[in-house]
Amino acid sequence: MRARWLPGAAGWFWATAAMVVAGEPAATNAGRRLVVPEGFTVERVAGSPLVERPITAAFDEQGRLYVADSSGSNDKVQIQLEKKPHRIVRLEDRNGDGVYDDSVVFADGMMFPEGTMWLDGSLYVAAPPSIWKLTDTDGDGVADDRVEWFQGKTLTGCANDLHGPYAGPDGWVYWCKGAFAEQTYERPGKSPFVTSAAHIFRSRPDGSGIEPVMTGGMDNPVDVAFTPGGERIFTSTFIQQPGGGLRDGLGHAVYGGLFGKTNRVLDAPSHKWTSPHLMPALLHMGPAAPCGLTRYESSAFGPEYRDNLFACYFNLHKVGRHALTPKGATFETKDEDFITSPDLDFHPTDVIEDADGSLLVVDTGGWYKLCCPSSQLSKPDVLGGVYRVRRKDAAPIADPRGLKIDWKSRTPADLAALLGDPRPAVARRAVAALTRAGKEALPATSNALRASSPESRRNAVWTTARIDDEGARGLARLALADPDETVRQVAGHVASLTRDAGAAHALSRLLRNDSAANRRVAAEALGRIGDKAAVPALLAALGHTNDPILTHSLTYALIDIADPKGTAEGLKSSDPAVKKAALTAIDQMDGGGLDPKTAVDLLTAADAGLKETAGWIVGRHPEWAETVAGFFRDQLKRDDLSAADRVDLERQLARFGGTPAVQELVTETLA
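Residues numbered from 1 in each chain as written. Predicted model: local features only at pLDDT ≥ 70, side-chain atom pairs only at ≥ 80, totals over all residues. Heavy atoms only, no water.

Engineer: Please clarify how the overall build of the protein should be interpreted in this entry.
Structural biologist: Scanning the protein from terminus to terminus reveals 18 helices and 31 strands. Evaluated residue by residue, the protein yields a buried proportion of 58% over its 671 residues. In the protein, the proportion of contacts linking residues at least 24 apart, taken out of those at least 6 apart, comes to 57%. As displayed, the protein offers around 26900 Å² of accessible surface, 52% of which is attributable to carbon and sulfur atoms. With 74 positive and 87 negative side-chain charges, the protein shows a spacing of 1 Å between the two charge centroids. (Helix = DSSP H or I, 4+ residues; strand = E, 2+ residues; numbered from the N terminus. Buried < 20%, exposed > 50% of the residue type's maximum accessible area, 1.4 Å probe, protein only. Contact = heavy atoms within 4.5 Å. Areas by Shrake-Rupley, 256 points an atom, 1.4 Å probe, with all protein chains shown as cover. Lys, Arg positive; Asp, Glu negative; His and termini not counted. Charge placed at Lys NZ, Arg CZ, Asp CG, Glu CD.)

Engineer: When you look at the pattern of salt bridges in this model, what are you seeing that I'm missing?
Structural biologist: Opposite charge on two side chains lets them pair, provided their charged atoms get close. The tally for this structure, following the rule as stated, stands at 43 salt bridges. The salt bridge partner of Lys572 is Glu569, with a shortest N-O separation of 3.0 Å. Classification of Lys572 by relative accessible area gives exposed; the value is 62%. Several salt bridges share partner residues, and in doing so they unite Arg90, Glu92, Arg94 and Asp102 into one network. (Salt bridge = Lys/Arg side-chain N within 4 Å of Asp/Glu carboxyl O.)

Engineer: Any chance you could explain the pairing of strand S11 (residues 122–127) here in plain terms?
Structural biologist: For a regular strand, side-chain orientation follows a simple rule: the groups alternate between the two sheet faces. A large share of S11 lies buried, amounting to six of its six residues. Judged by which residues are buried, S11 turns out to be covered on both faces: Ser122, Tyr124 and Ala126 on one side and Leu123, Val125 and Ala127 on the other are all buried. Looking at chain direction, strand S10 (residues 116–119) and S11 are connected through four bridges and run antiparallel. Bridge pairing in S11 places Leu119 opposite Ser122. (Pairing = 2+ DSSP bridges.)

Engineer: In this structure, what is going on with the packing of helix H5 (residues 454–465) against helix H6 (residues 470–478)? I would like to understand it.
Structural biologist: Helix-helix packing is described using two parameters, namely the angle between the two axes and the distance between the axes. Close contact between H5 and H6 brings their axes to 8 Å; oriented N to C, the two are set at 150 degrees. Two packed elements cross with a definite hand, and for H5 against H6 that hand is left-handed. Side by side, H5 and H6 meet where Val461, Thr464 and Ala465 of the first sit next to Ala472, Arg473, Leu475 and Ala476 of the second. (Axes fitted to C-alpha atoms, helices over the stretch in contact; angles between N-to-C directions. Left-handed = near helix turned anticlockwise from the far one by under 90°.)

Engineer: Help me out: how do you make sense of the packing of aromatic side chains in this one?
Structural biologist: Any two aromatic rings considered together are summarised by their centre-to-centre distance and by the angle between their planes. Summed over the entire model, instances satisfying the criterion amount to 29 aromatic pairs. Judged by centre distance (5.7 Å) and plane angle (85 degrees), the rings of Phe301 and Tyr305 are edge-to-face. The pair Phe301 / Tyr305 is uniform in exposure class, with both members buried. When the ring of Phe301 is compared with that of Phe310, the centres are 6.5 Å apart and the planes differ by 90 degrees; the resulting orientation is edge-to-face. (Phe/Tyr/Trp six-rings, centres within 6.5 Å; stacked < 30°, edge-to-face > 60°.)

Engineer: Could you clarify how one ought to interpret the sheet that holds strand S26 (residues 309–313) in this entry?
Structural biologist: Across a sheet, paired strands are connected by hydrogen bonds in the backbone, their directions being either parallel or antiparallel. Strand order in the open sheet formed by four strands is S25-S26-S27-S28, with antiparallel pairing between adjacent strands. Either end of the sheet is taken by a strand with one partner, and the two such strands are strand S25 (290–295) and strand S28 (330–340). Along the sheet, successive strands turn relative to each other by an average axial angle of 25 degrees, direction set aside.

Engineer: Before we go on, may I ask you to explain the environment of Gly72 in this structure?
Structural biologist: Along the chain, Gly72 turns up in the loop between strand S7 (65–69) and helix H1 (77–83). Residue class for Gly72 comes out buried when judged on its relative accessible area of 11%. Separated by 491 residues in sequence, Gly72 and Asp563 have C-alpha atoms that sit 54 Å apart. For Gly72, the contacting residues outside a window of four places in its chain are Arg53, Trp367 and Pro380.

Engineer: What is the right way to read the side chain of Asp354 from this model?
Structural biologist: Inspection of the secondary structure assignment puts Asp354 in the loop between strand S29 (348–353) and strand S30 (359–363). Of note is the side chain of Asp354, whose polar atom sits 2.8 Å from the side chain of Arg388. Setting aside its immediate chain neighbours within four residues, Asp354 contacts Phe59, Tyr100, Arg388 and Arg401. (Polar contact = N/O pair within 3.5 Å; in protein donor to acceptor, adjacent residues only side chain to side chain.)

Engineer: Help me understand unusual backbone geometry, please; the structure alone is not making it clear to me.
Structural biologist: Most peptide bonds take the trans form, and the phi angle of most residues other than glycine is negative. In this structure, the amide linkage connecting Ser48 to the following residue, Pro49, adopts the cis form with an omega of 10 degrees. Residue position: Pro49 is located in the loop between strand S5 (40–46) and strand S6 (54–59). For the peptide bond that leads from Gly164 to Pro165, omega is 0 degrees, which places it in the cis range. Inspection of the secondary structure assignment puts Pro165 in strand S14 (residues 163–167). Phi is positive for His317, close to 60 degrees, though the residue is something other than glycine. Its location among the elements puts His317 in the loop between S26 and strand S27 (318–327).

Engineer: For this particular structure, what's the right way to read the sheet that holds strand S19 (residues 211–216)?
Structural biologist: With mixed pairing, the five strands of this open sheet are ordered in space as S14-S15-S18-S19-S23. Strands with a single pairing partner mark the edges of an open sheet, and in this sheet they are S14 and strand S23 (258–259). Bridge count between strand S15 (residues 173–177) and strand S18 (residues 198–203): five bridges; the pairing is antiparallel. Of the residues in S18, the one forming a bridge with Trp175 is Phe201.

Engineer: Can you walk me through the side chain of Thr464 in this structure?
Structural biologist: Within the secondary structure, Thr464 is located in helix H5. Leave out the neighbours within four places in its chain, and Thr464 touches Thr445, Ala472, Arg473, Leu475, Ala476 and Val494.

Engineer: Please explain the pairing of strand S22 (residues 248–252) as it appears in this structure.
Structural biologist: Counting buried residues along S22, five of its five residues qualify, which places the element largely inside the surrounding structure. Every second residue of S22 is oriented toward a common face, with Asp248, Leu250 and His252 on one face and Gly249 and Gly251 on the other, all of them buried. As paired elements, strand S21 (residues 232–237) and S22 share four bridges and run antiparallel to each other. If you follow Ser236 over to S22, its bridge partner there is Gly249.

Engineer: Sorry, what's going on with a negative patch on the surface here?
Structural biologist: Taken together, Asp138, Asp140, Asp144 and Asp145 make up a surface patch of like negative charges. Considering the arrangement of structural elements, one finds Asp145 in strand S13 (residues 145–151). On the basis of relative accessible area, Asp145 is assigned to the partly exposed category, the value being 32%. (Patch = residues over 30% accessible without salt bridge, like charges linked within 9 Å, V, L, I, M, F, W, Y side chains within 5 Å.)

Engineer: Would you mind showing me how to read the nonpolar core here?
Structural biologist: Across soluble globular proteins, you tend to see nonpolar side chains buried next to one another. Residues Ile200, Phe234, Val461, Leu507 and Leu538 are the most contacted members of the largest nonpolar core, which totals 106 residues. For this core, the element with the most residues is helix H11 (residues 548–561), which contributes seven residues. (Core = buried A, V, L, I, M, F, W, Y, C linked by side-chain atoms within 4.5 Å.)

Engineer: Would you take a moment to explain helix H8 (residues 504–513) for this structure?
Structural biologist: Taken together, the buried positions of H8 are Ala504, Ala506, Leu507, Ser508, Leu510 and Leu511. Contacts made by the buried residues of H8 are with helix H7 (485–498), helix H9 (516–529), helix H10 (535–542) and H11.

Engineer: How should the environment of Val535 be read in this particular structure?
Structural biologist: Considering the arrangement of structural elements, one finds Val535 in helix H10. The class of Val535 is buried, set by a relative accessible area of 1%. Each C-alpha atom of the pair Val535 and Ile561 lies 7.9 Å from the other, and the pair is 26 residues apart in sequence.

Engineer: Would you mind showing me how to read the packing of helix H13 (residues 576–588) against helix H15 (residues 608–619) here?
Structural biologist: In contact at an axis separation of 9 Å, H13 and H15 are set at 10 degrees when each is read in the N-to-C sense. What the angle tells us is that H13 and H15 run roughly parallel. For the pair formed by H13 and H15, the contact residues are Pro576, Lys579, Lys580, Leu583, Thr584 and Asp587 on the first element and Gly609, Leu610, Thr613, Ala614, Trp616 and Ile617 on the second. For the contact of H13 with H15, the residue count by class is six nonpolar, three polar and three charged. (Parallel < 35°, antiparallel > 145°, perpendicular 65-115°, else oblique. Nonpolar A, V, L, I, M, F, W, Y, C, P; charged D, E, K, R; others polar.)

And the structure:
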């Protein structure tokens, strides 16, 4: 049933029913027909005139909802940049029934908003080419202070240059770069980082320390969610070349990883490869145009839902549920639909968890068609809305945001006691409050590291990441020996983020004796710390795994440390896996100076993987043409060369025939 437009005193509004019968399509008061699992309900909690074409949303500490609201414009992006026709509205539920009944324009005159994050009293909005920090300094509900927090300086035709930002549990701010416009990032003490690729970036809240986390040839990484241990999961379009029903998906943003699709932008010198192959997708979604993503933290939906991911499938008119389980050094997913709709105008773009454990889903409506192959008809009159999904039998949560807590009078010990609070919003606020206390919070944080709850201990370690003090580093090191695997993982991430040289010994211990996932995090941290003494341990670890994701991190750590002499010890190994990683690392590290003969001689290696890697490396060095030609000339003259070996050599030779010296030999050999 389509909704009817009816004139009303407040303008135009939708007139239909508000609720959905679980498991059965039913109309809502925004004209959508939604299906949710048995035992759940869904209702529209905001629509016109409060908000019209919502895109993304974020809560502040008081529970007010900030929504990026589109004007419905599909004008060329340069026109939108000039006119800035969009806005941010702040919604408030004044009577506590879960339905928003008040709206104020928090910020108008906005470029196309593609992400919202509330952090420490301000709203951050990605509006390409910049991220803006918006603050209401006088409490009237309107942002009167606007700061251009980040300047991306590129704006391509699809405006997919920028998504986010997202608050990491480590206290850093993350965002996504899409498109393939070149950007330059200055790095104190280093050469600028120049890239046209897609990325997940991060920086400190003050904007300093910008660095890439993940690199890709995909068009559009969009949202980032964090596991309890600090792993980053992201949504992306074109995570591989379209084909066989594959295109978009979820990815596990392993540090230093190069992801699909195969693309020339990945060939820049600043992008370090760890093998001939790109990192795999975590989940293939087909042409879904996935966007909003969140990890469900509370227990209101039941224990089976805790730490599940919920993802918006814009093109497929649904929200998916994805349960992560460890698989070696990464994850695998168990997947099912959570919200579906036969209504082709249902386009979910964001999903976030409210403090009471309900789930909010943002439906942008039918307006968007800019660069979207499945939305070629713009319908700006088909408005969107915000929906709330609840579990029918969920027990009510008292004071879910901790608004009755007198936060100003709480001592560090009081705050530390809240780190394991079952209310996620309260625990997060306790971390933020301890962070503001700085070094004075460390004794209480230390006590929290001995709490019985893993949640308390994880949050205590995250707190140390945000305090710039040697005492905080020491506490995080202690957590590297925690009995809980996820606490150790958090501690490894903190050591990596802070490049804590004092953690190197404990990290080397994890590298030998922990899970594959934690060995990977330990390798990442050792690489970022950059101590050459870690090279033998990394090489040894390569000989004890066949996990490709762990192998990536071990190899990338060698590249980061950039010790060609120490890494060359791996070339002496009888283990092809060690030799392959050492060869790659020396080739990719700054100042590696790989001897062409070392790589070329391995073109006839008995191990297929080692031979493939040698061929891939040689193929990336056209300046080695004389060495390559000499090698093949000598090989083809051998008296003991079998027919099969000759065919293999001729096949390889043809692969390197792009340079004059090799082309001459190809012509000579194959004539």
